[in-house]
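Coordinate inspection notes
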Amino acid sequence: MLPQAKIEEVEKLLAEGKLSQRKISLLTGVCRSIVSQVASGERPDYSSLFEPDAESLEPSGEIERCPTCGARVYMPCRLCHLRSSSEEGTLKRYRRRAKQKASRRLLAAVLRRQQVEQALATEAIDSAANRTETKPVNDGQEEKP
Ligand SMILES: [Zn+2]
């Protein structure tokens, strides 16, 4: 349904006076604040109610079978457009996040390894130092006075 047609439907339902603004909002899918704007005589900005590319996706002709999803729809198939654009976005985000995660993990592993190697090296030096320090003492005569 065209945005303008939706607003006109809201206007018509408001004029009938049978339904509350809330019910009209639910029935037409038009946001409640817009319904109340229409009720108070303010004309909302139609274009802002819908996505910027909605215009190019307005049904242009007859119902056709969508080659992608197989549904009988007005072409271009809005469902497929939304689906593909959101999937692309999700996939891109996912890939980027996975990449970041992988590089962080790699960096962490490298750092950990460096720390371990450093610790081992320090330990080796320490024990070597201990050995050289303690050996002469243990072997000396000072232990048994
Ligand atoms: Zn489709």
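Conventions we followed
- Residues numbered from 1 in each chain as written.
- Predicted model: local features only at pLDDT ≥ 70, side-chain atom pairs only at ≥ 80, totals over all residues.
- Helix = DSSP H or I, 4+ residues; strand = E, 2+ residues; numbered from the N terminus.
- Buried ≥ 20, exposed ≤ 12 C-beta atoms within 10 Å, placed from the backbone.
- Contact = placed C-beta atoms within 7 Å.
- Axes fitted to C-alpha atoms, helices over the stretch in contact; angles between N-to-C directions.
- Parallel < 35°, antiparallel > 145°, perpendicular 65-115°, else oblique.
- Left-handed = near helix turned anticlockwise from the far one by under 90°.
- Nonpolar A, V, L, I, M, F, W, Y, C, P; charged D, E, K, R; others polar.
- pLDDT = per-residue confidence, 0-100.
- Core = buried A, V, L, I, M, F, W, Y, C linked by C-beta atoms within 7 Å.
- Expected span 1.5 Å × (residues − 1).
- Arc of directions from axis to C-beta.

From N to C terminus, the protein includes 5 helices and 2 strands. Scanning the protein from its N terminus toward the C terminus, one meets helices and strands in the order α-α-α-α-β-β-α. Looking at the protein as a whole, 7% of its 145 residues are labelled buried. A separation threshold of at least 6 residues defines the contact pool for the protein, and within that pool the share at least 24 residues apart is 25%.

Two elements in contact, helix 2 (residues 21–28) and helix 3 (residues 32–39), have axes whose closest approach is 9 Å; the angle formed by their N-to-C orientations is 120°. For the element pair helix 2 / helix 3, the angle class is oblique. The two elements helix 2 and helix 3 cross, and the hand of that crossing is right-handed. In this structure, helix 2 contributes Gln21, Arg22, Ile24 and Ser25 to the contact, and helix 3 contributes Arg32, Val35, Ser36 and Ala39. For the contact of helix 2 with helix 3, the residue count by class is 3 nonpolar, 3 polar and 2 charged.

Turning next to the environment of Lys6. Its place among the elements puts Lys6 in helix 1 (residues 3–16). Sequence separation between Lys6 and Thr28 is 22 residues; the distance between their C-alpha atoms is 6.8 Å.

Turning our eyes to something else, we now look at the confidence of the model for the protein. Mean pLDDT over the protein: 78, with 76% of residues reaching 70 or higher. Per-element confidence in the protein is highest for helix 2, whose mean pLDDT is 92, and lowest for helix 4 (residues 46–49), whose mean pLDDT is 54.

Next up on the list: the nonpolar core. Judged by nonpolar contacts, Ile7, Val10, Leu13, Ile24, Val30, Ile34, Val35 and Val38 together constitute the single largest core of 8 residues. Every element with two or more residues in this core is listed here: helix 1 and helix 3.

The subject of this paragraph is the environment of Ser33. Tracing the chain through its elements places Ser33 in helix 3. A count of 11 C-beta atoms within 10 Å places Ser33 in the exposed class. Measuring from C-alpha to C-alpha, the distance between Ser33 and Gln21 comes to 9.1 Å, with 12 residues separating the pair along the chain.

Attention shifts here to helix 1. Between its first and last C-alpha, helix 1 extends 20 Å over 14 residues, near the 20 Å set by a 1.5 Å rise per residue. Buried residues of helix 1: Ile7, Val10 and Leu13, and no others. Along the long axis of helix 1, the arc covered by the buried residues comes to 120°, so they all point the same way. Seen from the buried face of helix 1, the exposed residues on the opposite side, beyond 90 degrees, are Gln4, Ala5, Lys12, Ala15 and Glu16. One or two steps after helix 1, the chain reaches Gly17, where phi turns positive at roughly 70°.

Now for the environment of Cys69. The topology assignment puts Cys69 in the loop between strand 1 (63–65) and strand 2 (72–74). For Cys69, a count of 11 C-beta atoms within 10 Å puts it in the exposed group. For the pair Cys69 and Cys80, spaced 11 residues apart in the sequence, the C-alpha separation amounts to 6.9 Å. Contact partners of Cys69, with chain neighbours within four places excluded, come to Cys77, Leu79 and Cys80.

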